[in-house]
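Descriptive analysis of the structure
As a plain string of letters, each chain reads:
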Amino acid sequence: MKQFYILMIMLFFASQAISQDYDYLSLLNSFPPVPDNSLTGSKEEKESFINKLEVINSLLWDLEEAQKEAKRKSESEPFPFNLNNKDRFEKAKEEWDSLFQKVLNVIMDHSQIELDLLDQWRSYAALQMAGEGKDKLSLHKQLDKNNIENLQALIQECKEMTPIVEKLDNYTVDGYKLSNNDAGLYILREVYNSFETVYRYNLGPKEQDPLNSLLEMRQMFNTK
């Protein structure tokens, strides 16, 4: 328990340092490394990882609230483009949208991998419920391996996108900012959501597999 409080204090001061200013790459680098052992990690290891993520979640929430306020303020001010110079705004917006589509493509590709893995697990769970599923350990190993590789690739590609993200977050037309860190905060939130799946296929010995719980419930209700 003492180590937990020490960790939280350290993370608190780290978060204060990071939250002084929004910086996409610094926030991305603040994510904890993917654990070496997510397949059979203990309950304590999982809780430690979740606690680290929660600090990032709090940071993102604060930044997202500030983003909403900045948007509200921007929307309350007169639109700075009239019919004579609106073409410049529309052209810039088209370029912004085109660049942001590249960001979306990266995120969506990795999200699709997550969904495919989850679908594989659900299909196996259906077989298991029907009494046909076999070799659960091998399936867990493969799904966990693929999920971890996907997360590691996601982080690497998000880091490589830093120049694009910085351009999107700071894109201005005649002094008018097109977005309020929309690209960077979108990516960081999606990375956070993906990192919540680190222990999805965990087989920690201290906790019962959720599927086993379902099987026990079915057996209990079928008992006459």
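The rules behind these values
Residues numbered from 1 in each chain as written. Predicted model: local features only at pLDDT ≥ 70, side-chain atom pairs only at ≥ 80, totals over all residues. Heavy atoms only, no water. Core = buried A, V, L, I, M, F, W, Y, C linked by side-chain atoms within 4.5 Å. Buried < 20%, exposed > 50% of the residue type's maximum accessible area, 1.4 Å probe, protein only. Helix = DSSP H or I, 4+ residues; strand = E, 2+ residues; numbered from the N terminus. Contact = heavy atoms within 4.5 Å. Axes fitted to C-alpha atoms, helices over the stretch in contact; angles between N-to-C directions. Parallel < 35°, antiparallel > 145°, perpendicular 65-115°, else oblique. Left-handed = near helix turned anticlockwise from the far one by under 90°. Nonpolar A, V, L, I, M, F, W, Y, C, P; charged D, E, K, R; others polar. pLDDT = per-residue confidence, 0-100. Expected span 1.5 Å × (residues − 1). Phe/Tyr/Trp six-rings, centres within 6.5 Å; stacked < 30°, edge-to-face > 60°. Salt bridge = Lys/Arg side-chain N within 4 Å of Asp/Glu carboxyl O.

Some points on the nonpolar core
If you look at the biggest cluster of nonpolar residues, it comprises 39 residues, and the most contacted ones within it are Leu28, Phe31, Cys158, Ile187, Leu188, Val191 and Phe195. For this core, the elements supplying multiple residues, two or more each, are α2 (24-29), α3 (43-76), α4 (86-129), α5 (136-160), α6 (162-169) and α7 (182-195). Per element, the largest residue contribution to this core is eight residues, and it comes from α4. Ignoring any residue separated from it by four or fewer positions in sequence, one finds Ile187 in contact with Tyr24, Val103, Ile107, Cys158, Met161 and Val165. Counting seven residues, the second-largest nonpolar core is a separate cluster that includes Leu118, Trp121, Leu139 and Tyr201.

A word on the packing of α5 against α7
Taken N-terminus to C-terminus, the directions of α5 and α7 make an angle of 165°; their axes are 11 Å apart at the nearest point. Relative to α7, α5 is oriented roughly antiparallel. The hand of the α5/α7 crossing is left-handed. Between α5, through Leu151, Leu154, Ile155 and Cys158, and α7, the contact on the second element is made entirely by Ile187, Val191, Ser194 and Phe195. Residues of the contact of α5 with α7, tallied by class, amount to seven nonpolar, one polar and no charged.

Some remarks on the confidence of the model for the chain
Mean pLDDT over the chain: 83, with 79% of residues reaching 70 or higher. Here helix α1 (residues 2-18) stands out as the element of the chain with the lowest mean pLDDT, 43, in contrast to α7, whose mean of 97 is the highest. Every residue in residues 1-20 is under pLDDT 50, and counting partners more than four places away or in other chains gives 14 contacts.

A look at α7
With 14 residues, α7 should cover 20 Å at 1.5 Å per step; its first-to-last C-alpha distance of 20 Å lies within 8% of that length. Most of α7 sits inside the fold, with eleven of its 14 residues counted as buried. Buried residues of α7: Asp182, Ala183, Gly184, Leu185, Ile187, Leu188, Arg189, Val191, Tyr192, Ser194 and Phe195, and no others.

Digging into the packing of α3 against α7
Between α3 and α7, the shortest axis-to-axis distance is 10 Å and the interhelical angle comes to 155°. By the angle class used here, α3 and α7 are roughly antiparallel. Where α3 crosses over α7, the handedness of that crossing is left-handed. Two secondary-structure elements touch here, α3 through Phe49, Leu53, Glu54, Asn57, Leu60, Trp61, Leu63, Glu64, Gln67 and Lys71 and α7 through Asp182, Leu185, Leu188, Arg189, Tyr192 and Phe195. Looking at side-chain class alone, the contact of α3 with α7 contains nine nonpolar, two polar and five charged residues.

Digging into the side chain of Asn150
Position of Asn150 relative to the elements: it lies in helix α5. The class of Asn150 is buried, set by a relative accessible area of 4%. Setting aside anything within four residues of it in sequence, one finds Asn150 in contact with His110, Ile113 and Glu114.

Some words on α3
Because an α-helix packs 3.6 residues into every turn, residues spaced three or four apart end up facing the same way. In this model, α3 (34 residues) spans 49 Å end to end at C-alpha, consistent with the 50 Å of a helix rising 1.5 Å per residue. Of the residues making up α3, those classed as buried are Lys46, Phe49, Asn51, Leu53, Val55, Ile56, Asn57, Leu59, Leu60, Glu64 and Gln67.

Describing the packing of aromatic side chains
Here the structure, examined in full by the defined rule, presents seven aromatic pairs. These aromatic residues form a ring-pair network of at least three members: Phe31, Phe49, Phe195 and Tyr199.

Comments concerning the pattern of salt bridges
Taken as a whole, this structure holds nine salt bridges when the rule is applied. The residue Asp97 makes a salt bridge to Lys93 at a minimum N-O spacing of 2.9 Å. Of this pair, Asp97 and Lys93 both sit in helix α4, four residues apart, which is roughly one turn of that helix. Judged by relative accessible area, which is 32%, Lys93 ranks as partly exposed.

Comments concerning unusual backbone geometry
Phi at Asp174 takes a positive value of approximately 50°, unusual for a residue other than glycine. When you line up the elements, Asp174 lands in the loop between β1 (172-173) and β2 (176-177).

Quick notes on the environment of Lys52
By the secondary structure assignment, Lys52 is in helix α3. Using a relative accessible area of 31% as the deciding quantity, one classes Lys52 as partly exposed. Taking the C-alpha atoms as reference, Lys52 lies 7.9 Å from Phe31; in sequence the two are 21 residues apart.

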